[in-house]
Amino acid sequence: MISIKNVNKSFGAHHVLTDVSLEVPKSNVVALIGPSGAGKSTLIRTINALEPINNGEIIVDGISIHDKKTDINKARLNIGFVFQSFNLFPFLTALENVTISPMKVKGLSKEEAEKRGKELLISLGLGDKFDSYPSRLSGGQQQRVAIARALAMDPQVMLFDEPTSALDPEMVTEVLDAIRKLAKEGMTMVVVTHEMGFAKEICDEIVFMADGKIVERAAPEKFFTNPDTQRAQDFLSKVLNH
Amino acid sequence: MYQYDWSVISRNMDVFIEGALKTIEISALAILIAIPIGIIFGMGRISKNVIFRLISSIYVEIIRGVPLLVLLIWIFFVLGQFLKLGSYWGAIWGLAIFAGAFIAEIVRSGIQGVPKGQMEAARSLGMSHAKAMTHIILPQAFRRVLPPLASQFIMLIKDSSLVSVIAATELTLNAKNLVATSFRSIEVWTFVALIYFIMTFSLSLIIRYFEKRLSKSEA
């Protein structure tokens, strides 16, 4: 579903991504973990071309994302993206946040868009928040609206860039539950996360990055009990022993 | 000792009213022209197109660096030679071109003040740059620019007094003429100041009302 081939990206002399390749089969869930500055966020942002790349190729659902001939607006319809800082539209209600793109991009009628939008918000436990503005919602509620907003475009792939990092601890669960539910429904997903327990539980594969490179790829059981590389062992000893 | 004679005001009320109405008319037309100028060049200042950005910057920088009085006279005498502007349209275009440059800066800072994540979120949902601008960025920029835009409108009403130098009929020119015939400068100019204050203060009350209504819909 997602195929990343030999991607390089640098800001001047600083290499952010070095020769990164990764395959994510349909319905798989991949966690990107690693120390900060490893290039996890940059990598996930290149998958829907929020970040340009220097060379290499990224193919999502058969479409080469960074090809100049690709209509990126059309390609992005297949790729939902959830940001660390939610990025909800503050002047629109929760329901309007969810319906604006289906209406303005896909040309759905207001009725169609609202019907689907309400279903999504209800399924994410936000049935009583249709008319609330983002400023009146908790962080966890805002992030669930953001997930509903991305799902409203019926994407084939969902990308999550540290979806719980900006949340108070007691709100992390509700957002992780929403992602867990999507995993059960067979959504193809890439998640940048620091929630190791969550990564271990729902992911098919752990991708460990450091210094702009993929250092290790393994099944969760293997990775968390017996990682091959020293770099991963060091990282895990730091994040798991407290 | 100066003998006040305030009857000059009541006897010439028609002159003041006509002048005030002309001031409002000239200011309103100038604002209507200045807003699209400001939006176009404000977006030009942050455009990816180098030529558009350069033209916009040159316009804004030149106008900001030239006094309005000089600009009005220049437009009237230099542009007026080719365009047959006359003092009425010369005054309106002069004010519009002047205010347009300041509105462009207000629009630019309004757009740049919208967090970067808003454009990213809109683009990630498949919106083109233009659609994201129209449906997501500009509505938020609009709320941000209202207060500075309001002070710009008030400035424009006050600045319109300068168009008397190119003989455009409005409140200040009418007052000058009245002083020339009645010699009642203290009474006339006091009353003129009061009229300008009433016009600008009413406008600021109207704008405050709209700002409150907008902020209500968001809270």
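Residues numbered from 1 in each chain as written. Chains lettered and ligands numbered in written order. Predicted model: local features only at pLDDT ≥ 70, side-chain atom pairs only at ≥ 80, totals over all residues. Heavy atoms only, no water.

Caption draft 1: Region of the structure containing the sheet that holds strand β9 (residues 205-210) of chain A. All names here are of chain A. Sheet architecture is open: six strands sit in the order β6-β7-β8-β3-β9-β10, paired in mixed fashion. Pairing within the sheet leaves two strands with one partner each, and these edge strands are β6 (79-82) and β10 (213-218). For this sheet the average axis-to-axis angle between neighbouring strands, irrespective of direction, equals 20 degrees. Relative to strand β7 (residues 157-161), β6 runs parallel, the two being bridged by four bridges. Across the sheet, the residue bridging to Phe81 is Leu159, located in β7. On top of the sheet, helix α1 (residues 40-47) reaches β3 (29-33), β6, β7, β8 (188-192) and β9; it is set at about 150 degrees to β7, its chief contact. (Pairing = 2+ DSSP bridges. Helix = DSSP H or I, 4+ residues; strand = E, 2+ residues; numbered from the N terminus. Axes fitted to C-alpha atoms, helices over the stretch in contact; angles between N-to-C directions. Contact = heavy atoms within 4.5 Å.)

Caption draft 2: Representation of helix α6 (residues 169-184) of chain A. Residue and element names in this part refer to chain A. Spanning 16 residues, α6 covers 24 Å between terminal C-alpha atoms, matching the ideal 22 Å at 1.5 Å per step. Those residues of α6 that sit buried are Met171, Val172, Val175, Leu176, Ala178, Ile179, Arg180, Leu182 and Ala183. Check the buried side of α6 and you find it contacts β3, α5 (139-151), β7, β8 and α7 (196-202). Immediately beyond the C-terminal end of α6, within one or two residues, lies Gly186, with a positive phi of roughly 90 degrees. (Expected span 1.5 Å × (residues − 1). Buried < 20%, exposed > 50% of the residue type's maximum accessible area, 1.4 Å probe, protein only.)

Caption draft 3: Region of interest: the UniProt feature "domain: ABC transmembrane type-1" (unreviewed entry) in chain B. In this numbering, the UniProt entry assigns the feature "domain: ABC transmembrane type-1" (unreviewed entry) to residues 20-207 of chain B. For residues 20-207 of chain B, helix accounts for 85% and strand for 0%, while the C-alpha atoms at its two ends are 20 Å apart. (UniProt positions renumbered as here; feature names shortened; annotations may be inferred.)

Caption draft 4: Quick look at the UniProt feature "transmembrane region" (unreviewed entry) in chain B. Residue and element names in this part refer to chain B. Listed under "transmembrane region" (unreviewed entry) in the UniProt record, and renumbered for this structure, are residues 20-41, 62-82, 88-107 and 188-210. The distance from the first to the last C-alpha atom of residues 62-82 is 21 Å, and the span holds 90% helix and 0% strand. Each end of residues 188-210 is marked by a C-alpha atom, and these two atoms are 34 Å apart; helix forms 100% of the span and strand 0%.

Caption draft 5: Broad picture of the sheet that holds strand β5 (residues 63-64) of chain A. Residue and element names in this part refer to chain A. Taken in spatial order, the four strands make up an open sheet running β2-β1-β4-β5, and their pairing is antiparallel. Looking along the sheet, the strands with just one partner apiece sit at the ends: β2 (14-24) and β5. In the sheet, strand β4 (residues 55-60) pairs with β5 via two bridges, with the strands oriented antiparallel. Residue pairing across strands places Val60 opposite Ile63, the latter belonging to β5.

Caption draft 6: Structural detail: the environment of Gly80(A). Residue and element names in this part refer to chain A. With respect to the element layout, Gly80 can be found in strand β6. The spatial distance from the C-alpha of Gly80 to the C-alpha of Met153 is 7.5 Å, given a sequence separation of 73 residues. Those residues within four positions of Gly80 in sequence are excluded, and the remaining contacts are Ala150, Pro155, Val157, Met158 and Leu159.

Caption draft 7: Region of the structure containing the side chain of Thr200(B). Residues and elements named next belong to chain B. With respect to the helices, strands and loops of the structure, Thr200 is situated in helix α9 (residues 185-218). Among the polar contacts listed, one links the side chain of Thr200 to the backbone oxygen of Phe197, at a separation of 3.1 Å. When residues no more than four places from it in sequence are discounted, the contact partners of Thr200 are Ile154, Ile157 and Lys158. (Polar contact = N/O pair within 3.5 Å; in protein donor to acceptor, adjacent residues only side chain to side chain.)

Caption draft 8: Structural detail: the interface of chain B and chain A. In this complex, chain B contributes 20 residues to the contact, which on the side of chain A involves 25 residues. When chain B packs against chain A, close to 2000 Å² is buried across both sides, 58% of that on carbon and sulfur atoms. Seen at the junction of chain B and chain A, the total is one salt bridge. Linking chain B to chain A there are six residue pairs in polar contact (both at pLDDT 80 or more). For the side of chain B that touches chain A, the element with the most residues is helix α6 (residues 116-124) of chain B, which contributes seven residues. Of the residues in the side of chain B that touches chain A, the class split is seven nonpolar, eight polar and five charged. (Buried area = accessible area lost by both parts, 1.4 Å probe. Salt bridge = Lys/Arg side-chain N within 4 Å of Asp/Glu carboxyl O. Nonpolar A, V, L, I, M, F, W, Y, C, P; charged D, E, K, R; others polar.)

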